[in-house]
Amino acid sequence: MIALPLAHPGTADHRTPLRFLWWMARGQWRTLAGGMAFGIVWMSCQAVLPAVLGRAIDRGVAARDTSALVAFAGLMLAIGLLQAFTGIMRHRFAVTNWLVAAYRTVQLTGRHATHLGGTLPRKVSTGEVVAIGNSDISHLGQVMDVSARFSGAIVSFVLVAVILLQTSTTLGLLVLLGVPGLMLLIGPLLSPLQRRSAAQRQLLGDLSNTATDIVGGLRVLRGIGGEQVFLDRYKRESQATRRAGVEVARLQSVLDALQVFLPGLFVVAVVWLGARYAVEGRISAGDLVAFYGYSAFLMIPLRTATEFANKFIRAKVSATRVCRLLAIEPDTHDPAEPADPPATGADLLDARSGLRVPAGRMVAVVTEPSEDAVRLADRLGMCDPEPTAEVSLGGVPLTAMRRADVRRLVVVSDTGAALFSGRLGDRLDTTGEGGDRVVEALRTASAEDILQALPDGLDTQVTERGRSFSGGQRQRLVLARALTADPEVLVLVEPTSAVDAHTEARVAARLRQARAGRTTVVTTSSPLLLDAVDEVAFLRDGVVVATGTHADLLRSEPAYRALVTREAVATS
Amino acid sequence: MSARTTLPVADGPALRRYAVDLARRHPRLLWSALGLHVLAAVAGLAAPRLLGNLVEAVEDGTTTQHVDRIILLLAGFLVVQTLLTRFARLVSQVLGEQVLAELREDFVGNALALPVGTVESAGSGDLLTRTSRDVDQLGWSVRWALPEWTIAVVTAVLTFAAALSVGWWVVLPCLLGVPPLVVGLRWYLARAKDGYLRESASYSQINATLTETVEGARTVEALGLGRERVAAIDDDVRESFAAERYTLRLRTVFFPSMEISYLLPVVATLLLGGYLYTQGSVSLGDVTTATLYVQMLIDPVDRIVSILDELQMGAASLARLLGVAQVPDDREVSGREPTGEDLVASDVRFSYVEGRDVLHGVDLEVGVGERLAMVGPSGAGKSTLGRLLAGIHPPRTGAVTVGGVGLVELPLGDLRGHVALVTQEHHVFVGTLRENLALAAPPGATDDDVRGALDAVDALDWVDVLPDGLDTVVGSGGHTLTDAQAQQVALARLVLADPHTLVLDEATSLIDPRAARHLERSLAAVLEGRTVIAIAHRLFSAHDADRVAVVEDGKVAELGSHDELVAAGGSYAALWRSWHTG
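Residues numbered from 1 in each chain as written. Chains lettered and ligands numbered in written order. Predicted model: local features only at pLDDT ≥ 70, side-chain atom pairs only at ≥ 80, totals over all residues.

### A word on the overall build of chain B
Consideration 1: The number of helices and strands found in chain B is 20 helices and 12 strands.
Consideration 2: Relative to the globule expectation of 25 Å for 582 residues, the C-alpha radius of gyration of chain B, 34 Å, shows a markedly less compact shape.
Consideration 3: A principal-axis box enclosing the C-alpha atoms of chain B has dimensions of 120 × 55 × 50 Å.
Consideration 4: Taken across its 582 residues, chain B has 47% of its residues classed as buried.
Consideration 5: Within chain B, counting contacts between residues at least 6 apart in sequence, those at least 24 apart form 79% of the total. (Helix = DSSP H or I, 4+ residues; strand = E, 2+ residues; numbered from the N terminus. Rg over C-alpha atoms; globule rule 2.2 N^0.38 Å. Buried ≥ 20, exposed ≤ 12 C-beta atoms within 10 Å, placed from the backbone. Contact = placed C-beta atoms within 7 Å.)

### Examining the overall build of chain A
Consideration 1: Across its full length, chain A holds 19 helices and 12 strands.
Consideration 2: The C-alpha radius of gyration of chain A comes to 35 Å, more than 25% above the 25 Å expected for a compact globule of 572 residues.
Consideration 3: When the backbone C-alpha atoms are referred to their principal axes, chain A occupies close to 115 × 60 × 45 Å.
Consideration 4: In chain A, the share of contacts with a sequence separation of at least 24, taken over all contacts with a separation of at least 6, comes to 77%.

### Remarks on the interface of chain A and chain B
Interfaces are often sized by the amount of accessible area the parts lose when they come together.
Consideration 1: With 144 residues of chain A at the contact, the number on the chain B side is 140 residues.
Consideration 2: Considering only residue class, the side of chain A that touches chain B consists of 73 nonpolar, 48 polar and 23 charged. (Nonpolar A, V, L, I, M, F, W, Y, C, P; charged D, E, K, R; others polar.)

### What to know about the domain arrangement of chain A
Consideration 1: Split by domain assignment, chain A resolves into domain 1 (12-168 + 301-329) and domain 2 (348-569).
Consideration 2: Relative placement of domain 1 of chain A and domain 2 of chain A: their C-alpha centres are 54 Å apart. (Domains from an automatic or database assignment.)

### Focus: the sheet that holds strand E2 (residues 355-357) of chain A
Residue and element names in this part refer to chain A.
Consideration 1: Pairing is antiparallel in the open sheet, where four strands are placed in the order E2-E1-E4-E5. Of all the strands in the sheet, just E2 and strand E5 (396-397) have a single pairing partner and so form its edges.
Consideration 2: In this sheet, E5 lies alongside strand E4 (residues 391-393) in antiparallel orientation, the contact comprising two bridges. Each residue of the ladder has a partner; that of Leu-393, found in E5, is Val-396. (Pairing = 2+ DSSP bridges.)

### Digging into unusual backbone geometry
Consideration 1: Following A:Leu4, the chain continues to A:Pro5 via a peptide bond in cis, the omega torsion being 0°.
Consideration 2: Inspection of the secondary structure puts A:Pro5 in the segment before helix H1 (17-27).
Consideration 3: Cis geometry is found at the peptide bond from A:Glu368 to A:Pro369, where omega equals 0°.
Consideration 4: Mapped onto the elements, A:Pro369 comes out in the loop between strand E3 (362-368) and helix H10 (372-380).
Consideration 5: Its identity as a non-glycine residue notwithstanding, A:Glu494 has a phi of 40°, on the positive side.
Consideration 6: Take A:Glu494: it is sitting in the loop between strand E9 (489-493) and helix H16 (501-514).
Consideration 7: Positive phi is not limited to glycine here, since B:Asp347 has a value of about 45°.

### Focus: the sheet that holds strand E12 (residues 543-548) of chain A
All names here are of chain A.
Consideration 1: Spatially, E6-E9-E10-E3-E11-E12 is the arrangement adopted by the six strands of the open sheet, whose pairing is mixed. Each end of this open sheet is capped by a strand with a single partner; those strands are strand E6 (410-413) and E12. The average angle at which neighbouring strand axes cross in this sheet is 20°, direction not considered.
Consideration 2: Summarising the sheet, E6 and E9 pair through four bridges and their orientation is parallel. Looking at the pairing, Val-411 lines up with Leu-490 of E9.
Consideration 3: Contacting E3, strand E11 (535-540) and E12, helix H19 (residues 558-565) runs over the sheet at an angle of about 95° to E3. (Axes fitted to C-alpha atoms, helices over the stretch in contact; angles between N-to-C directions.)

### With respect to the packing of helix H3 (residues 66-116) of chain A against helix H9 (residues 299-326) of chain A
Residues and elements named next belong to chain A.
Consideration 1: For the pair H3 and H9, the least separation of the axes is 10 Å and the interaxial angle reads 25°. Relative to H9, H3 is oriented roughly parallel. Along this stretch, H3 crosses H9, giving a crossing that reads as left-handed. Taking contact as the criterion, the partners of Thr-105, Leu-108, Thr-109 and His-112 in H3 are, on H9, Val-322, Leu-325 and Leu-326. (Parallel < 35°, antiparallel > 145°, perpendicular 65-115°, else oblique. Left-handed = near helix turned anticlockwise from the far one by under 90°.)

### Observations regarding helix H16 (residues 483-497) of chain B
Think of an α-helix as turning once every 3.6 residues; residues three or four places apart then point the same way.
Consideration 1: Taking 1.5 Å per residue, 15 residues should reach 21 Å; H16(B) reaches 21 Å between its end C-alpha atoms and fits that length.
Consideration 2: Positive phi shows up at B:Asp498, right after H16(B), with a value of about 50°. (Expected span 1.5 Å × (residues − 1).)

### As for the environment of B:His66
Consideration 1: By the secondary structure assignment, B:His66 is in helix H4 (residues 64-112).
Consideration 2: Separated by 297 residues in sequence, B:His66 and B:Asp363 place their C-alpha atoms 99 Å apart.

### Remarks on the confidence of the model for chain A
As a note on interpretation, predicted positions should not be read in detail where pLDDT is low.
Consideration 1: With 98% of its residues at a pLDDT of 70 or more, chain A shows a mean pLDDT of 86.
Consideration 2: Here residues 567-572 of chain A is modelled with pLDDT under 50, and outside its nearest four sequence neighbours on either side it reaches 14 contacts, counting other chains as well. (pLDDT = per-residue confidence, 0-100.)

### Focus: the environment of B:Ala316
Residues and elements named next belong to chain B.
Consideration 1: Of note, Ala-316 is situated in helix H10 (residues 284-323).
Consideration 2: On the basis of neighbour count, Ala-316 is assigned to the partly exposed category, with 18 C-beta atoms found within 10 Å.
Consideration 3: Taking the C-alpha atoms as reference, Ala-316 lies 59 Å from Thr-63; in sequence the two are 253 residues apart.

### What to know about the environment of A:Phe150
Residues and elements named next belong to chain A.
Consideration 1: Locating Phe-150 in the fold gives a position in helix H5 (residues 126-167).
Consideration 2: By the C-beta count within 10 Å, which is 21 here, Phe-150 ends up buried.
Consideration 3: Between the alpha carbons of Phe-150 and Gly-39 there is a distance of 8.1 Å; along the sequence they are 111 residues apart.

Structural data, given as structure tokens:
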């Protein structure tokens, strides 16, 4: 078995879904070929067993020839053992084929998502990408898995048809035409069944969402006493789902019965013809038993062929989705001739707003209207879809530098910043070079209490999206992460909006010290933070209208004073 | 965040009791399903017997008419088997859907009655697994695995009986298959469940990592986390591969041992039958029929064996779903009626983890119509006290009463007419907007009441321009509400629930600053005429409250009006000065 995951998933051909599937198949052709080879031998073993049984009955039992009987029984045993061996080998190759395709898709998706970065949410919904992980990987895996069995099915079908044709042209033709014919008979029932099943699956999905809501909403329900109403609603949905299930059962049971009837009818026809030939002396009693065996066996390749058709269609749909994602290009490209990043100690300038942040200073930004703050932060961090050359560091426009250099120099941590799962210490130390800075940063963010409450400290596993922490705790951890990265320029958006006044006061006092000598921009409207920075810039409609200390601005700018203290709108 | 406990899991006897009880509730469906399956299987057994007759007739020399008669009989049995199969499948699927609906409704009812504290100490992950993966697994088991397995058992038993009817000697070759079957199966089943659970957990993990990478794509770029994310995904794939390799190893041993246990009886039946035929003790037809029957046994036995691990997992899921019902209730309804609206906490102590109190004897009286603000550092116990005041947790010692009656003595429905809690989590439930609001409405509330509540919190404007108004589907997967809108929905629920006392736990803290002012107006409308306990980290509300309680280290450290506390020069005064004057 090959080692997975692959070190490099490669560069996919994503021009069309079919090319993608072909690219994928080519990449794993060795295991596909192995699976096919074993699949062919495995199915052929099953195909010839009825013939051997028929001979055994004719030449061994009926002829009362003990040595022939033992020989044929031995042959049956040998074929059976070969079938068991090739069966498990085929299965092992099939699993490998499935896994290579599925894992490779996961790796491609993950790598491309990180490559796209901020472009991703602008171009494609989260649900699209999550669907790749949820269902598409398994569809792509299945088509690789079933292909090996499919080739075995074709070979064994031809094998049986040839054996039968040698015995009788009529019988051979009956098999060659009858088996595909049976497929077509079941066809018309399949689409209404799929429709009803899809309707039931939809209801089941909704029902599952409703139930899952309990987990997130139990506290809310308990707060307002909505448990009974919720349960009544769930029961209504549950009963609707049950009725949809009964609708499915009405059709499904017919299909189940047809799967008994149609092959049965085929068996009856083959045995009837065979028995008449036997009466006429054209075939032996053992041949008759063999015919019965063939007609029963042929249902297996038949089912495999249908399975392959279904899975191929689904895999094509999945490949389409994967291709759509892989075809997305990042919004920004590195310039053809990138400029060298400025030396340490460069001033940050935003020409559009007139904001100048001298190197090594901590500047707070207050904006009116307040939503301008987010836009300014995006601009400073080159997170806009169309970055502007108006932002420069030490005279070098950010757009003139390599994206990687900009990310290293300027880090933006906004209110939407996500906390990822994994070991807490690793998630905070994003560069891997933080060392003691992590503990120091946690202290600055006044997050020591969070660490103390964790039984395993920095070794604690953070759950998905940091859900095990409260909003206020997450915000402090995100701040600590940004501080640990210790970039030349740090842009913080409302870093303390979800923490209490006591904690905010502590963060404000420690932040400046922690960032001494580095450039820091904080957008905030909190008096506690504003009072702790070197300088405050007040922006109205996107332009700096006043700069100074918090105390200066409180005195000189009535609009600033109204905004920051919110005297006019205090809760009544 | 402290040591995790898990929700209970039902044991074997409890599981059996539940299954028997369930079966007793639907005797007619159950027995007709079983009866129909037995008859269908019997009809299916005619074919080998008739084929044996044919072979014998051919060997002895016969006429075409005789052959046609046997074939007609064969076709007749096929039609009967088809019809019986149709109704057997229908009845058992209807029964399965019925049972499944009862199971999940019971489970949701029990989950809704869980004490919040229990869910929190077990972690929401445990309950989430039960509501999603376990309900799905059980659905699969009840809808597919259980009927298939039952049919396979019925078919196998009858086929074996039919084989025996050919002659007692058929037992001997069949016995040959038993040792590899039993040994292989026991070995496999002892390992399969954990292996497959690990496998499916590894795919959930891949999905979780992929999802958070995609959702946090902006952060990934901003902090240059690309390489770390790629490594995390590869790690998940590596774990998944290890889990897959383990189960593959199990199957590599198990499948061949099963194949051999199926093969041996067929070959042995042929050999023994052939020997007995040469001795003249059985006919050629008997040998054919017996061999075919033994071969026919393979399919149902294989299904019995391969569905067993599925059933094992279904039973484990059922045990976890039933376990939720075993959590003891933390409320005890006494039937006493409150005589007033005043809320009193006396000597309240409380701990999440035994031996580590977070509240150390709190006394607090809140007058009717009073505005009380609670401030204090994170982790001081403000939120915990708020939840005790809202009757979410029972105090370890002491009491929280309304009108002289303990909050945990009131039935949940009554409690919410007295005190309601609003937190910073403003969960939007999946469903229509109307359903979201109806959760809090008293029975018989009309659309006018709902619209009135939305109007009171200033939300009617945006609701009216939604594509389907009140019928718009919101929540996960539906129309996305902004945080501010979600918060307004939460507030409108309060208007509908209409309690005389409200506990606000940092209710507006996570709101985008640009929406805060608008929301404060909505909130003011809800607070009108009620007693309010506000846990706040912004000091505006403290300034305007009738009294301020400073909570520090699980105690009320300072209590008085804003002016009194500022004058007293304690920790509140210090904070106020630094915050306000700058």
